[in-house]
Protein chains: 2
Amino acid sequence: MGAPPGYRPSAWVHLLHQLPRADFQLRPVPSGFAPQEQEYQQALMLVAALAGLGLGLSLIFIAVYLIRFCCCRPPEPPGAKSPSPGGGCVTWSCIAALLVGCAGIGIGFYGNSETSDGVSQLSSALLHANHTLSTIDHLVLETVEGLGQAVRVELTTLEEVLAERTELVAAARGARRQAEAVAQQLQGLAFWQGVPLSPLQVAEEVSFVEEYRWLAYVLLLLLELLVCLFTLLGLAKQSKWLVVVMTAMSLLVLVLSWGSMGLEAATAVGLSDFCSNPDTYILNLTQEETGLSSDILNYYFLCSHAISNPFQQRLTLSQRALANIHSQLQGLEREAVPQFPSAQKPLLSLEETLNVTEGNFHQLVALLHCRGLHKDYSAALRGLCEDALEGLLFLLLFSLLSAGALAAALCSLPRAWALFAPSDDYDDTEDDDPFNPQESKRFVQWQSSI
Amino acid sequence: MGAPPGYRPSAWVHLLHQLPRADFQLRPVPSGFAPQEQEYQQALMLVAALAGLGLGLSLIFIAVYLIRFCCCRPPEPPGAKSPSPGGGCVTWSCIAALLVGCAGIGIGFYGNSETSDGVSQLSSALLHANHTLSTIDHLVLETVEGLGQAVRVELTTLEEVLAERTELVAAARGARRQAEAVAQQLQGLAFWQGVPLSPLQVAEEVSFVEEYRWLAYVLLLLLELLVCLFTLLGLAKQSKWLVVVMTAMSLLVLVLSWGSMGLEAATAVGLSDFCSNPDTYILNLTQEETGLSSDILNYYFLCSHAISNPFQQRLTLSQRALANIHSQLQGLEREAVPQFPSAQKPLLSLEETLNVTEGNFHQLVALLHCRGLHKDYSAALRGLCEDALEGLLFLLLFSLLSAGALAAALCSLPRAWALFAPSDDYDDTEDDDPFNPQESKRFVQWQSSI
């Protein structure tokens, strides 16, 4: 009842989590998230290595295809008038492949922005949790200082004023004891004080890494977009040097695509293992890093009805002590003020402090309740395991599409190039204009071959 | 200190908010959000009407351009061998326009998903607020019932057991009075009970509308994508009937694009007015709908340090009463149990109830604190005024790009069509294959004209 609906692993997490994992000796590895274990690291590296295998296979395929094309069917003699039967198919398949690559780039931009959204949700949740934790510390400090001030100044003045009547002094001493007890109880509530782990620092580190990841992907996407556009331009203008340069660039981008695919696949698999059961891992990690008791961590990370508030006892004791101080001050006001008018000022000041302390106490109760911090935790998990994972899968789709498209383009480009009319103007800057009559003739020849 | 960093209007909101507004008589209208005022409605309608003006102008421009093209320069005689000097330019500009349209479609898909994200953030914040409000009601009900049960059963038993000693009966009566006071104070905390406005219902309505908006945009985007792809196919295959059908479809999509642009512009302007200062409007609206006091609404909607908790008094009184019940029960346990062993059972049961009540009380303090509900309010505003507005601006960019691209395509398509070789096979299904020798010849003629 107390906890809002939290994080639930998505279907993608379940699906990826169920994929079999193996280490370098191909022995099965359990799919629990254990990044410090060597076997698990090997399993993830093996997933990344699959992309390397894919790269090798596609390079072999391209090489075999092109060698077969070169050796088994010599290119058309230049200037041939008869349309080559497969030429049109080659150019069209090249264009289709590049269009698929462009669609992949669109998907990549979407995935990159989605991943970035997820990670920024994670870091904003961390910042929010940091705000809550530092507010708790600050509030405890402020309240304890306020109470200490009241004990040192007002209660001492009061005891001096009432010195003649011992029973009133005893009541003031009782209030002092209670105030000191409240201060002591409250000090125990600042549970994050002196903890070496700062969510702020984690958030900053995450944002820093994410910034560079985002930038690297944007650069890769722009590079691939430029390669696609310039290849299309080279095909349209029949510029041999442009097609050659773009073939080389396509090879580079193919390698980068397979490389990014390996990283994405390993990250997605690791993330799915983490996301299928994040609580245990996070609990253990936080306990190691912070040294906090498991009661407190369980309360905040699980926030279920079954787990009682570990601060309940302290809160109840503080609350009772505050109520007792109030009734003692009221008793003093009734008894002492008619006889000692000078006691009124410190008493009023004490009541003021008590009201402020009660307000702060309610704020502390609200801040210490697991609802707020657990909501941040759920938001962080949702950012990482829903948005970021989804974005990662879109990036994986982009890498797959672009690897396929570039492999197809690499198979087609040299064949399309071979169909171009011969020209040795490798630095043709002006005369590859299709509207130039001579070029137009060459263009007609090429188009007639389609 | 208590409130987390909330919503701040973005630069886009400021920019749109500063645009001048006018009513139908072109008198300036203040840019405060006032959807119920006729002048403001007129200003928004005028913004939407600007898109209608744009549609009219672009249709006139297309008509003038095509009439000038038809009358001032008759189309090439069919089968002309010499390349038409402007023909290539026409086809290329048509293709470039369609590619710009495709890029616009990509932007549109992104904007649509961004808007949908923003609105779903709004509705999930509403659902979360609804959960908090109903938990408060439920918790109050449960606690009051528990206290009532204790008063009716255990305290009555206790009074019967202790009937012999009047001072103990008086103490039990005191505890009963305090428990009744706590129950009464707590009942006043269920502030949302009986309020006619349900955030759940609002969230469901918002999600319902958003679903249809999303679907309509996806259909529009797919329609435009199909038009672009089939037009490109028609150009590549020189299929006259396809180009004619796609010209008609382009006209339809042009009208739809300008229409959606009008709606988006009016919504974006209205949203910017709302988002530049949402608190006042929302406060007034909620006060009208719920009839809650402005103290409570100010506390939750502003949640600043300067606004004190309107439940502070009730909470403090309940807390003191609970502490008093505790000390009375402890006194009874000390005094009565040695003499009346049968008093032990109801006393233990009462202390159990008191502990549960204190736990619930702390949960209530946490739920009633403005932090949680204000965070939902900020999340809802951020969803609506950041993500949804940003998505809307991307959709506006899509509409602009597609309107421009379609207008350019509509100017170019009839000219490109006129360049096609004559053929009366309007239902050519097979023989427009470029690899078919006869078609290939036509294709060469067309390409030579480029």
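Within each chain, residues carry numbers counting from 1 in the order of the written sequence. Note on labels: chains are lettered from A, ligands numbered from 1, in written order. Local features in this predicted model are restricted to residues of pLDDT 70 or higher, and side-chain atom pairs are both shown and tallied only at a pLDDT of 80 or more, whereas totals for entire chains, interfaces and linings draw on every residue. Values reported for side chains reflect all heavy atoms of the structure, with hydrogen atoms and water molecules removed beforehand.

**Q** Explain the nonpolar core residue by residue, including any values.
**A** In terms of nonpolar packing, the biggest core is built from 182 residues, with A:Phe191 and B:Phe191 touching the most fellow members. The element that contributes the greatest number of residues to this core is helix 11 (residues 370-419) of chain A, accounting for 19 residues. When sequence neighbours within four positions are dropped, the list of residues in contact with B:Phe191 reads B:Leu133, B:Ile136, B:Leu292, B:Ile296, B:Tyr300, B:Phe311 and B:Leu368. In terms of nonpolar packing, the next biggest core, distinct from the first, is built from 16 residues, B:Val90, B:Leu98, B:Leu221 and B:Leu413 among them. Nonpolar cores were defined as sets of buried Ala, Val, Leu, Ile, Met, Phe, Trp, Tyr and Cys residues, with membership established by side-chain atoms within 4.5 Å. Buried means the residue's accessible area, taken with a 1.4 Å probe over protein chains only, is under 20% of the maximum for its type, while exposed means over 50%, and partly exposed covers the values in between. Numbering of helices and strands runs from the N terminus, with a helix taken as a DSSP run of H or I at least four residues long and a strand as a DSSP run of E at least two residues long. Here a residue-residue contact requires only that any non-hydrogen atoms of the pair lie within 4.5 Å.

**Q** Kindly report on the environment of B:Ser402, identifying the contributing residues and their values.
**A** All names here are of chain B. As for its position among the elements, Ser402 is in helix 11 (residues 370-419). Taking the C-alpha atoms as reference, Ser402 lies 40 Å from Leu283; in sequence the two are 119 residues apart. Beyond its immediate chain neighbours, meaning those up to four positions away, Ser402 contacts Glu224 and Ser257.

**Q** So what's going on with the pattern of salt bridges? Residues and values would help.
**A** Residue and element names in this part refer to chain A. Whenever a carboxyl oxygen of Asp or Glu lies within 4 Å of a side-chain nitrogen of Lys or Arg, that contact is scored as a salt bridge. Under the defined criterion, the tally for this structure stands at 16 salt bridges over all chains. Linking Arg27 and Asp23 is a salt bridge whose minimum nitrogen-to-oxygen distance equals 3.1 Å. You can call Asp23 buried: its relative accessible area is 1%. A salt bridge links Glu167 to Arg165, with the shortest nitrogen-to-oxygen separation between them at 2.5 Å. What makes Glu167 partly exposed here is its relative accessible area of 44%. Salt bridges sharing common partners tie together Glu159, Arg173 and Arg176.

**Q** Summarise the environment of B:Leu285; cite the residues concerned and give the values.
**A** With respect to the helices and strands, B:Leu285 occurs in helix 7 (residues 278-290). Put simply, B:Leu285 and B:Gln319 are 34 residues apart on the chain and 34 Å apart in space, counted from C-alpha to C-alpha.

**Q** Describe empty space enclosed by the protein, listing the residues and the values that go with them.
**A** In this analysis the probe radius is 1.4 Å and the grid spacing 1 Å, with only protein atoms considered; a cavity is a set of points the probe fits into but cannot get out of, a pocket is an open set with protein on both sides within 12 Å along at least five of seven lines, and lining residues have an atom within 4 Å of a point. Grid points are joined across faces, edges and corners, and a volume is the space filled by probe spheres set on the points. Tallied over the full model, the rule gives 5 cavities of 30 Å³ or more. Estimates place the volume of the largest cavity at around 230 Å³. Contributing to the lining of the largest cavity are 20 residues, with A:Ala366, A:Arg371, A:Gly372, B:Arg371 and B:Gly372 lying nearest its centre. Among the elements of the structure, helix 3 (87-161), helix 10 (344-368) and helix 11 of chain A together with helix 3 (87-161), helix 10 (344-368) and helix 11 of chain B are those that each provide at least two residues to the lining of the largest cavity. Per element, the largest residue contribution to the lining of the largest cavity is 5 residues, and it comes from helix 11 of chain A. In terms of residue class, the lining of the largest cavity is made up of 6 nonpolar, 8 polar and 6 charged. Residues are grouped as follows: Ala, Val, Leu, Ile, Met, Phe, Trp, Tyr, Cys and Pro are nonpolar; Asp, Glu, Lys and Arg are charged; every other residue, Gly included, is polar.

**Q** Any chance you could break down the packing of helix 5 (residues 199-237) of chain A against helix 6 (residues 240-276) of chain A for me, citing the residues and the numbers?
**A** Residue and element names in this part refer to chain A. Each axis is a line fitted through C-alpha atoms, and for a helix only the stretch in contact is used; angles between axes span 0 to 180 degrees, taken between their N-to-C directions. Put simply, helix 5 and helix 6 touch, their axes get as near as 9 Å, and they point 150° apart. It follows from the interaxial angle that helix 5 and helix 6 lie roughly antiparallel. Judged by the sense of rotation from one axis to the other, the crossing of helix 5 with helix 6 is left-handed. Contacts between helix 5 and helix 6 involve Tyr217, Leu220, Leu223, Glu224, Val227, Phe230, Thr231, Leu233, Gly234 and Leu235 from the former and Leu242, Val243, Met246, Met249, Ser250, Val253, Leu256, Ser257, Ser260 and Glu264 from the latter. For classification purposes, angles smaller than 35 degrees are called roughly parallel, those larger than 145 roughly antiparallel, those between 65 and 115 roughly perpendicular, and all remaining angles oblique. Handedness of a crossing follows from how the near helix is turned relative to the far one, being left-handed for an anticlockwise turn of less than a right angle and right-handed for a clockwise one.

**Q** Tell me about the layout of surface pockets, residues and numbers included.
**A** Reported here for the second largest pocket is a volume of approximately 1,600 Å³. If you go around the second largest pocket, you meet 46 residues; those closest to its centre are A:Gln121, B:Gln121, B:Ala379, B:Arg382 and B:Asp387. Elements supplying a minimum of two residues to the lining of the second largest pocket: helix 3 and helix 11 of chain A together with helix 3 and helix 11 of chain B. In terms of residue count, the dominant contributor to the lining of the second largest pocket is helix 3 of chain B (12 residues). Tallied by class, the residues present in the lining of the second largest pocket amount to 13 nonpolar, 17 polar and 16 charged.

**Q** Can you tell me about the UniProt feature "transmembrane region" (unreviewed entry) in chain A, naming the residues and giving the values?
**A** UniProt positions are given in the numbering used here, feature names are shortened, and annotations may be inferred rather than shown by experiment. The sites that carry the UniProt feature "transmembrane region" (unreviewed entry) are, in the present numbering, residues 43-67, 88-110, 214-235, 242-261 and 392-413 of chain A. Secondary structure across residues 214-235 of chain A comprises 100% helix and 0% strand; the distance between its end C-alpha atoms is 31 Å.

**Q** Quick rundown of the packing of aromatic side chains? Include the residues and the values.
**A** Each pair of aromatic rings taken from Phe, Tyr and Trp, with Trp reduced to its six-membered ring, is defined by centres within 6.5 Å and is described as stacked if the planes are under 30 degrees apart, edge-to-face if over 60, and tilted in the remaining cases. Counted by the stated rule, this structure contains 26 aromatic pairs over all chains. Measuring from ring centre to ring centre gives 6.2 Å for B:Phe191 and B:Trp192, while their planes differ by 85°; the resulting arrangement is edge-to-face. Each member of the pair B:Phe191 and B:Trp192 is classed as buried. Geometrically, the ring pair formed by B:Phe191 and B:Phe311 is tilted, given 5.4 Å between the ring centres and 40° between the ring planes. Of this pair, B:Phe191 sits in the loop between helix 4 (166-187) and helix 5 (199-237) while B:Phe311 sits in the loop between helix 8 (294-302) and helix 9 (312-336); the two residues are 120 residues apart in sequence, bridging distant segments of the chain. Neither B:Phe191 nor B:Phe311 differs from the other in exposure class; each is buried. In this structure an aromatic cluster arises from ring pairing among A:Phe191, A:Trp192, A:Tyr299, A:Tyr300 and A:Phe311.

**Q** Report on unusual backbone geometry, specifying residues and quantitative values.
**A** With the exception of glycine, most residues fall at negative phi, and the peptide bonds are largely trans. Residue and element names in this part refer to chain A. One non-glycine residue, Leu26, adopts positive backbone phi at about 60°. By secondary structure assignment, the location of Leu26 is in the loop between helix 1 (11-17) and helix 2 (38-72). Using a relative accessible area of 64% as the deciding quantity, one classes Leu26 as exposed. Unusually for a residue other than glycine, Cys303 sits at a positive phi of about 50°.

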